[in-house]
Amino acid sequence: MNKLIKLPLFLGVVGCLCGGVLSLTNYFTAEKIKKDEEARANAAYIAHFSNLAHRKDVEVNDTLIGGGVVSKSYAYDESNAYIGSIYTISAVGFAGKQNPIKFTVSFSDGKPHHYVELGHGESSQGAAFMTWLKGDNNGDRLSSLETGKTETGSSVTYAAVNQAVSTCLADYLAEYTSIPAYTE
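Everything numeric here is computed off the predicted structure, so don't read it as measured data.

## Re the overall build of the protein chain
Next, step 1: Helix and strand counts for the protein chain stand at 5 helices and 5 strands.
Next, step 2: Helices and strands in the protein chain line up, N terminus first, as α-β-α-β-β-β-β-α-α-α.
Next, step 3: Computed over the C-alpha atoms, the radius of gyration of the protein chain is 22 Å, more than 25% above the 16 Å expected from 2.2 N^0.38 for a compact globule of 184 residues.
Next, step 4: Each of the three principal axes of the protein chain carries a C-alpha extent, and together these read 80 × 45 × 30 Å.
Next, step 5: When burial is assessed residue by residue, the protein chain has 35% of its 184 residues classed as buried.
Next, step 6: Considering only intrachain contacts with a sequence separation of at least 6, the fraction spanning at least 24 residues in the protein chain is 49%.

## Brief notes about the nonpolar core
Next, step 1: In terms of nonpolar packing, the biggest core is built from 29 residues, with Tyr87, Ile89, Phe103 and Val161 touching the most fellow members.
Next, step 2: Put simply, the parts of the chain that give this core at least two residues each are strand S2 (69–76), strand S3 (82–91), strand S4 (101–108), helix H3 (124–134) and helix H5 (155–175).
Next, step 3: Counting residues per element, this core draws most heavily on H5, which supplies 7 residues.
Next, step 4: Residues in contact with Val161, not counting those within four places in the same chain, are Ile101, Phe103, Phe129, Met130, Leu133 and Leu145.
Next, step 5: Counting residues in hydrophobic clusters, the runner-up holds 5 residues, among them Phe49, Ala75, Ile83 and Ile86.

Cut-offs used in this document
- Residues numbered from 1 in each chain as written.
- Predicted model: local features only at pLDDT ≥ 70, side-chain atom pairs only at ≥ 80, totals over all residues.
- Heavy atoms only, no water.
- Helix = DSSP H or I, 4+ residues; strand = E, 2+ residues; numbered from the N terminus.
- Rg over C-alpha atoms; globule rule 2.2 N^0.38 Å.
- Buried < 20%, exposed > 50% of the residue type's maximum accessible area, 1.4 Å probe, protein only.
- Contact = heavy atoms within 4.5 Å.
- Core = buried A, V, L, I, M, F, W, Y, C linked by side-chain atoms within 4.5 Å.

Taken by themselves, the reported measurements are silent on function.
Okay, structure coming up:
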(Lines give C-alpha, C1' and ligand atoms only; values in the text may rest on other atoms or scores of the structure.)
Protein backbone atom coordinates (compact mmCIF):
# COMPACT_ATOMS: atom_id res chain seq x y z
CA MET A 1 0.00 0.00 0.00
CA ASN A 2 0.98 3.55 -0.50
CA LYS A 3 2.57 5.45 2.42
CA LEU A 4 -0.03 8.20 2.02
CA ILE A 5 -2.69 5.70 3.01
CA LYS A 6 -0.78 3.63 5.61
CA LEU A 7 0.39 6.51 7.81
CA PRO A 8 -2.99 8.26 8.28
CA LEU A 9 -4.67 4.89 8.76
CA PHE A 10 -2.09 3.89 11.40
CA LEU A 11 -2.42 7.25 13.19
CA GLY A 12 -6.21 6.98 13.11
CA VAL A 13 -6.18 3.49 14.65
CA VAL A 14 -3.68 4.53 17.35
CA GLY A 15 -5.73 7.66 18.09
CA CYS A 16 -8.91 5.60 18.46
CA LEU A 17 -7.17 3.12 20.77
CA CYS A 18 -5.77 5.93 22.95
CA GLY A 19 -9.19 7.61 23.10
CA GLY A 20 -10.78 4.30 24.06
CA VAL A 21 -8.25 3.66 26.83
CA LEU A 22 -8.77 7.20 28.14
CA SER A 23 -12.55 6.77 28.11
CA LEU A 24 -12.33 3.46 29.97
CA THR A 25 -9.97 4.95 32.53
CA ASN A 26 -12.37 7.84 33.13
CA TYR A 27 -15.32 5.44 33.38
CA PHE A 28 -13.63 3.37 36.10
CA THR A 29 -12.00 6.22 38.07
CA ALA A 30 -14.47 9.16 37.91
CA GLU A 31 -16.56 7.97 40.85
CA LYS A 32 -13.49 7.25 43.02
CA ILE A 33 -12.03 10.68 42.27
CA LYS A 34 -15.33 12.31 43.25
CA LYS A 35 -15.49 10.32 46.52
CA ASP A 36 -11.86 11.21 47.32
CA GLU A 37 -12.59 14.92 46.81
CA GLU A 38 -15.62 14.67 49.12
CA ALA A 39 -13.52 12.84 51.74
CA ARG A 40 -10.88 15.61 51.61
CA ALA A 41 -13.58 18.25 52.05
CA ASN A 42 -15.14 16.36 55.00
CA ALA A 43 -11.71 15.99 56.60
CA ALA A 44 -11.29 19.75 56.29
CA TYR A 45 -14.55 20.28 58.22
CA ILE A 46 -13.32 18.11 61.08
CA ALA A 47 -9.97 19.93 61.06
CA HIS A 48 -11.83 23.15 61.81
CA PHE A 49 -13.76 21.90 64.83
CA SER A 50 -12.65 18.76 66.64
CA ASN A 51 -15.99 18.66 68.47
CA LEU A 52 -18.01 18.79 65.23
CA ALA A 53 -21.01 16.49 65.47
CA HIS A 54 -23.39 17.98 62.89
CA ARG A 55 -23.08 20.19 59.87
CA LYS A 56 -25.85 22.09 58.14
CA ASP A 57 -25.23 23.38 54.62
CA VAL A 58 -26.61 26.87 54.03
CA GLU A 59 -27.52 28.63 50.79
CA VAL A 60 -24.74 30.85 49.45
CA ASN A 61 -25.93 34.36 48.56
CA ASP A 62 -24.73 36.49 45.62
CA THR A 63 -22.31 38.51 47.77
CA LEU A 64 -20.56 35.33 48.91
CA ILE A 65 -20.49 33.93 45.37
CA GLY A 66 -18.84 37.18 44.23
CA GLY A 67 -16.21 36.68 46.93
CA GLY A 68 -15.37 33.17 45.67
CA VAL A 69 -17.40 31.20 48.21
CA VAL A 70 -18.51 27.81 46.91
CA SER A 71 -20.33 26.57 50.01
CA LYS A 72 -21.20 27.58 53.54
CA SER A 73 -21.99 25.39 56.53
CA TYR A 74 -22.93 25.84 60.15
CA ALA A 75 -21.08 23.61 62.59
CA TYR A 76 -22.72 22.14 65.70
CA ASP A 77 -21.43 20.10 68.63
CA GLU A 78 -23.00 17.01 70.28
CA SER A 79 -25.45 19.12 72.26
CA ASN A 80 -26.67 20.66 68.95
CA ALA A 81 -25.25 24.06 69.94
CA TYR A 82 -23.81 26.27 67.21
CA ILE A 83 -19.99 26.35 67.36
CA GLY A 84 -19.07 28.20 64.16
CA SER A 85 -19.39 28.68 60.41
CA ILE A 86 -17.24 27.06 57.73
CA TYR A 87 -16.83 28.51 54.22
CA THR A 88 -15.36 26.66 51.23
CA ILE A 89 -13.64 29.08 48.86
CA SER A 90 -12.27 28.94 45.33
CA ALA A 91 -10.37 32.19 44.71
CA VAL A 92 -8.54 33.23 41.57
CA GLY A 93 -4.95 34.17 42.37
CA PHE A 94 -1.85 34.59 40.24
CA ALA A 95 -2.24 31.15 38.60
CA GLY A 96 -5.63 32.16 37.15
CA LYS A 97 -8.94 30.36 36.78
CA GLN A 98 -7.29 27.11 35.62
CA ASN A 99 -5.59 26.67 39.01
CA PRO A 100 -7.72 28.41 41.64
CA ILE A 101 -6.78 28.66 45.29
CA LYS A 102 -9.12 26.25 47.11
CA PHE A 103 -9.43 26.37 50.87
CA THR A 104 -11.84 26.35 53.78
CA VAL A 105 -11.97 28.98 56.48
CA SER A 106 -13.96 28.96 59.71
CA PHE A 107 -15.12 31.54 62.19
CA SER A 108 -16.10 31.10 65.82
CA ASP A 109 -16.80 33.39 68.77
CA GLY A 110 -16.88 36.48 66.54
CA LYS A 111 -13.42 36.02 65.00
CA PRO A 112 -11.45 33.93 62.48
CA HIS A 113 -10.96 30.40 63.78
CA HIS A 114 -9.02 28.21 61.33
CA TYR A 115 -7.74 27.81 57.75
CA VAL A 116 -7.37 24.54 55.80
CA GLU A 117 -5.85 24.45 52.33
CA LEU A 118 -7.48 22.16 49.75
CA GLY A 119 -5.12 22.99 46.89
CA HIS A 120 -3.63 25.67 44.65
CA GLY A 121 -1.35 26.12 41.65
CA GLU A 122 0.29 29.39 42.66
CA SER A 123 3.73 30.63 41.58
CA SER A 124 6.67 30.69 44.00
CA GLN A 125 5.68 33.91 45.80
CA GLY A 126 2.03 32.88 45.91
CA ALA A 127 3.01 29.43 47.14
CA ALA A 128 5.14 31.06 49.86
CA PHE A 129 2.11 33.06 51.01
CA MET A 130 -0.05 29.91 51.01
CA THR A 131 2.61 28.04 53.01
CA TRP A 132 2.75 30.92 55.49
CA LEU A 133 -1.06 30.81 55.79
CA LYS A 134 -0.97 27.05 56.46
CA GLY A 135 0.74 27.86 59.75
CA ASP A 136 -2.49 29.46 60.97
CA ASN A 137 -3.15 28.60 64.59
CA ASN A 138 -6.58 29.48 65.99
CA GLY A 139 -7.08 32.26 63.41
CA ASP A 140 -3.91 34.21 64.23
CA ARG A 141 -2.75 34.40 60.59
CA LEU A 142 -6.25 34.83 59.19
CA SER A 143 -6.56 37.89 61.41
CA SER A 144 -3.33 39.41 60.05
CA LEU A 145 -3.11 38.51 56.35
CA GLU A 146 -1.18 41.75 55.70
CA THR A 147 1.76 40.25 57.64
CA GLY A 148 1.88 37.31 55.22
CA LYS A 149 1.88 39.66 52.25
CA THR A 150 4.83 41.55 53.73
CA GLU A 151 6.79 38.39 54.59
CA THR A 152 6.29 36.62 51.26
CA GLY A 153 6.02 39.49 48.79
CA SER A 154 2.90 38.04 47.21
CA SER A 155 0.38 40.74 46.43
CA VAL A 156 -1.84 38.92 43.88
CA THR A 157 -2.39 35.80 46.00
CA TYR A 158 -2.79 37.93 49.11
CA ALA A 159 -5.44 40.09 47.40
CA ALA A 160 -7.45 37.03 46.30
CA VAL A 161 -7.34 35.38 49.71
CA ASN A 162 -7.94 38.63 51.59
CA GLN A 163 -11.03 39.47 49.51
CA ALA A 164 -12.51 36.01 50.09
CA VAL A 165 -11.76 35.97 53.83
CA SER A 166 -13.08 39.54 54.28
CA THR A 167 -16.31 38.65 52.47
CA CYS A 168 -16.78 35.56 54.66
CA LEU A 169 -15.98 37.47 57.86
CA ALA A 170 -18.54 40.18 57.04
CA ASP A 171 -21.18 37.52 56.34
CA TYR A 172 -20.34 35.66 59.54
CA LEU A 173 -20.39 38.77 61.74
CA ALA A 174 -23.76 39.80 60.32
CA GLU A 175 -25.46 36.62 61.53
CA TYR A 176 -23.46 34.60 64.06
CA THR A 177 -25.35 35.75 67.12
CA SER A 178 -28.70 34.76 65.67
CA ILE A 179 -28.00 31.23 64.37
CA PRO A 180 -30.35 28.73 66.02
CA ALA A 181 -29.38 25.36 67.50
CA TYR A 182 -29.22 22.35 65.22
CA THR A 183 -32.45 20.58 64.25
CA GLU A 184 -32.84 17.78 61.77
